[in-house]
Amino acid sequence: MKQVKLGLCGLGTVGGGVLNVLKRNQIDINARAGRELLITHVSARREYPHLDLNGIKISTNPMDVALDPDVDVLVELIGGTTLAKELVIAALKAGKHVVTANKALIAEHGNELFAIALEHQVSIAYEAAVAGGIPIIQVLREGLVANKIEWLAGIINGTGNFILTEMRDKGRDFEDVLREAQALGYAEADPTFDVEGIDAAHKLVILASIAFGMPLQFDKVYTEGISKIAPEDVVFAEELGYRIKHLGIARNRTNKGIEMRVHPTLIPESRLIANVNGVKNAVLVKCDALGANLYYGAGAGAEPTASAVISDIVDIGRSLDNEADAFVPALGFSSGKLCDFTILPIEEVECANYLRFSVLDRPGVLSHIATVFSDLGISIEALIQREPLEDQDHVPLIMLTAVTEEKRINKALAQIENQEFIRQQVVRIRVESLK
Ligand SMILES: NC(=O)c1ccc[n+]([C@@H]2O[C@H](COP(=O)([O-])OP(=O)(O)OC[C@H]3O[C@@H](n4cnc5c(N)ncnc54)[C@H](OP(=O)(O)O)[C@@H]3O)[C@@H](O)[C@H]2O)c1
């Protein structure tokens, strides 16, 4: 059996997982690839006593791995966008295929890297970069190739989903659950990337580019995190028949442009995706021929992510015998066939809204708010009003609006928020039916 020689940079969570899964399942994996997958060279700047590195060349400098003539495929599992980018570019230019799990690298520098891969007629594969072990890149690029994709919506950050699940199940507040997520190793010491939606935005832009056939435009994703979600909003959402999920949403608004947005979202509790809990990920895709289809599984972790990395390696291994097949367009569209769609600014987005007002408990307030909405042509679909607590003079007033252009809601809120009966900033969470 011919070999595929692999150079591995990064022996952390994912790198260790790749080593272990390749070793454990090597007979079946090789049979599927039609080649023997062999790790010939790894980079390590310290000891990894828990990993079996017998017979593998070890270098302290990862660039030695990227440039090793005895490596066919560079597997980049270091992370970040500086060294990782240098390694990937060096390997591509040296005519090596690249497999990476690095969403930040692909989202922010993918266009440049894909152009280099094209020029050198090699592949760059990144299945593990989105939703960990769920093979969603394959699904969009291969399985759904016959379809026009209308929209997709994903729970694509496990840490955020864990926090929202705990807030709902146990009535805990955001900060409290975040501390636990950090103790459990789900959230980093600096959780900004996860809870402020940057990690999800990295993944969303990759999904959207493959789904609609357009260059990656990370800077155009509207991004809002979950750190301002209050326990009472979780409770009111439930009362209205909804769950709050942190979604990445990409929608093709035919003839207008593409929406790309990451934000907390109320979704009807009856939807399957509303019941994706804990650290799990899921992506719901709506397309014309297949209709709605949902992909669910582990979005992170050593072996789930290794599963996706190895699937990319096997794909490349299979193509090596036939040079004509070796090059796979990175976004699934042939070169020159990507479209420069307009990315709609958030003001142009259309969706329903959950609004929580904290208002003085006195007559005329509700009718004032209702008049502002009605004057702007915004329908109110549901309303919850509460009695004030004994020691308080203000009450929560919750409204669900019909689907409306964002700029119209902004106008309404601007007119309401400066009224003296408003006690706190209005809470607004977008609502999606996902039908
Ligand atoms: N963890 C997951 O569940 C998951 C899921 C999907 C995608 N990913 C992506 O996979 C990639 C790797 O993540 P990970 O969780 O495996 O990270 P990790 O556990 O922190 O491992 C990173 C590895 O890279 C090495 N490394 C880091 N900086 C280096 C440098 N400057 N020079 C040489 N070696 C360096 C580290 O070595 P030291 O140990 O010496 O620091 C470590 O072996 C990231 O792009 C991440 O976004 C991760």
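Per chain, residue numbering runs from 1 following the sequence as it is written. pLDDT decides what is reported in this predicted model: residues at 70 or higher carry local features, side-chain atom pairs at 80 or more are listed and counted, and totals for whole chains, interfaces and linings draw on all residues regardless. Side-chain calculation: all heavy atoms of the structure are included, whereas hydrogens and water are not.

(A) Molecular detail of the packing of aromatic side chains. Any two rings among Phe, Tyr and Trp, with Trp reduced to its six-membered ring, count as a pair given centres within 6.5 Å; such a pair is stacked if its planes are under 30 degrees apart, edge-to-face if over 60, and tilted if neither. By the definition in use, this model includes 3 aromatic pairs. Between the aromatic rings of Phe-114 and Tyr-126, the centroid separation amounts to 5.8 Å while the plane-to-plane angle is 25 degrees, which identifies the pairing as stacked. With Phe-114 in helix α5 (residues 103-119) and Tyr-126 in the loop between β6 (124-125) and α6 (136-143), the pair connects residues that are 12 residues apart, well separated along the chain. Each member of the pair, Phe-114 together with Tyr-126, is buried. Measuring from centroid to centroid gives 6.5 Å for Phe-357 and Phe-373, while their planes differ by 80 degrees, and the two rings are edge-to-face. Separated by 16 residues along the polypeptide, Phe-357 in strand β13 (residues 350-360) and Phe-373 in helix α14 (residues 365-375) bring together distant segments of the chain. Three exposure classes are used, based on accessible area relative to the maximum for each residue type with a 1.4 Å probe and protein chains only: buried under 20%, partly exposed in between, and exposed over 50%. The buried category is assigned to Phe-357, whose relative accessible area is 0%. Strands here mean DSSP runs of E at least two residues long; helices mean DSSP runs of H or I at least four residues long; both are numbered from the N terminus.

(B) Representation of the site of the ligand. Nearness of a residue to a molecule or strand requires only that one of the residue's heavy atoms be within 4 Å of it. Near the ligand there are 20 residues, and of these Val-14, Arg-45, Arg-46, Tyr-48 and Gly-301 occur at the shortest range. Under this definition, polar contacts are N or O atom pairs within 3.5 Å; protein pairs additionally need one hydrogen-donor-capable and one acceptor-capable atom, and for neighbouring residues in sequence, both atoms have to be side-chain atoms. Between Tyr-48 and the ligand, the recorded distance is 2.6 Å, taken from a side-chain N or O atom to an oxygen atom. Residue Gly-301 places a main-chain N or O atom 2.7 Å away from an oxygen atom belonging to the ligand. For accessible areas, the Shrake-Rupley method is used with a probe of radius 1.4 Å. Any residue's cover is judged against the shown protein chains and nothing else. Starting from 900 Å² of accessible surface for the ligand in isolation, the protein chains cover 72%. The classification used treats Ala, Val, Leu, Ile, Met, Phe, Trp, Tyr, Cys and Pro as nonpolar, Asp, Glu, Lys and Arg as charged, and all other residues, Gly among them, as polar. Broken down by class, the residue content of the shell around the ligand amounts to 10 nonpolar, 7 polar and 3 charged.

(C) Inspection of the sheet that holds strand β1 (residues 3-9) at higher detail. A pair of strands is considered paired only if DSSP assigns at least 2 bridges between the two. Spatial ordering of the open sheet is given by β3-β2-β1-β4-β5-β6, a layout of 6 strands whose pairing is parallel. Lying at the two open borders of the sheet, with one neighbouring strand each, are β3 (57-59) and β6. As paired elements, strand β5 (residues 97-100) and β6 share 2 bridges and run parallel to each other. Looking at the pairing, Val-98 lines up with Ile-124 of β6. Note on definitions: a residue-residue contact is assigned when non-hydrogen atoms from the two residues lie within 4.5 Å. Orientation is described by axes fitted as lines to C-alpha atoms, over the contacting stretch for helices, and by angles from 0 to 180 degrees between their N-to-C directions. Here helix α12 (residues 302-319) sits on the sheet and contacts β1, β2 (36-43), β4 (73-76), β5 and β6; the angle it forms with β5, its principal contact strand, is near 165 degrees.

(D) Summary view of empty space enclosed by the protein. Cavities and pockets are defined on a 1 Å grid built over the protein atoms alone: a cavity is a set of grid points where a 1.4 Å probe fits but cannot escape, while a pocket is an open set with protein on both sides within 12 Å along at least five of seven lines, and lining residues are those with an atom within 4 Å of any such point. Grid points are joined across faces, edges and corners, and a volume is the space filled by probe spheres set on the points. Throughout the structure, instances matching the rule amount to 2 cavities of 30 Å³ or more. If you go around the largest cavity, the residues you meet are Leu-164, Thr-165, Arg-168, Val-234, Arg-243, Ile-244, Lys-245 and Asn-277. Put simply, the parts of the chain that give the lining of the largest cavity at least two residues each are α7 (158-170) and β9 (242-253). For the lining of the largest cavity, the residue count by class is 3 nonpolar, 2 polar and 3 charged. The calculated volume of the second largest cavity comes to roughly 30 Å³. Lining the second largest cavity, in full, are Ala-125, Tyr-126, Glu-127, Ile-137, Arg-141 and Asp-312. Residues belonging to the lining of the second largest cavity are distributed by class as follows: 3 nonpolar, no polar and 3 charged.

(E) Fine view of the pairing of strand β11 (residues 280-287). The element β11 is extensively covered by neighbouring structure, given that 7 of its 8 residues are classed as buried. As defined by bridge partners, strand β7 (residues 149-155) adjoins β11 across 6 bridges and the pair is classed as antiparallel. Paired with Ala-153 across the strands is Leu-284, a residue of β11. Counting the residues that bridge the hairpin from β11 to strand β12 (residues 291-298) gives 3 residues.

(F) Focus on the layout of surface pockets. Volume-wise, the second largest pocket comes out at about 450 Å³. The wall of the second largest pocket is formed by 19 residues, among which Glu-224, Lys-228, Val-426, Val-427 and Arg-428 lie closest to the centre. Of all the secondary structure elements, the ones that give two or more residues to the lining of the second largest pocket are α15 (406-417) and β17 (427-431). A total of 4 residues in the lining of the second largest pocket trace back to one element, the largest contributor, which is α15. Two domains each provide a minimum of three residues to the lining of the second largest pocket, namely domain 2 (136-298) and domain 3 (350-431). Either an automatic procedure or a domain database provided the assignment from which the domain bounds are taken.

(G) Layout of the side chain of Arg-428. Examined against the element boundaries, Arg-428 turns out to sit in strand β17. A polar contact is formed between the side chain of Arg-428 and the side chain of Glu-406, at a distance of 2.9 Å. Among the polar contacts made by the side chain of Arg-428, one reaches the side chain of Asn-410 at a distance of 2.5 Å. Among residues more than four places away in sequence, those in contact with Arg-428 are Asn-353, Tyr-354, Leu-355, Glu-406, Ile-409, Asn-410 and Leu-413.

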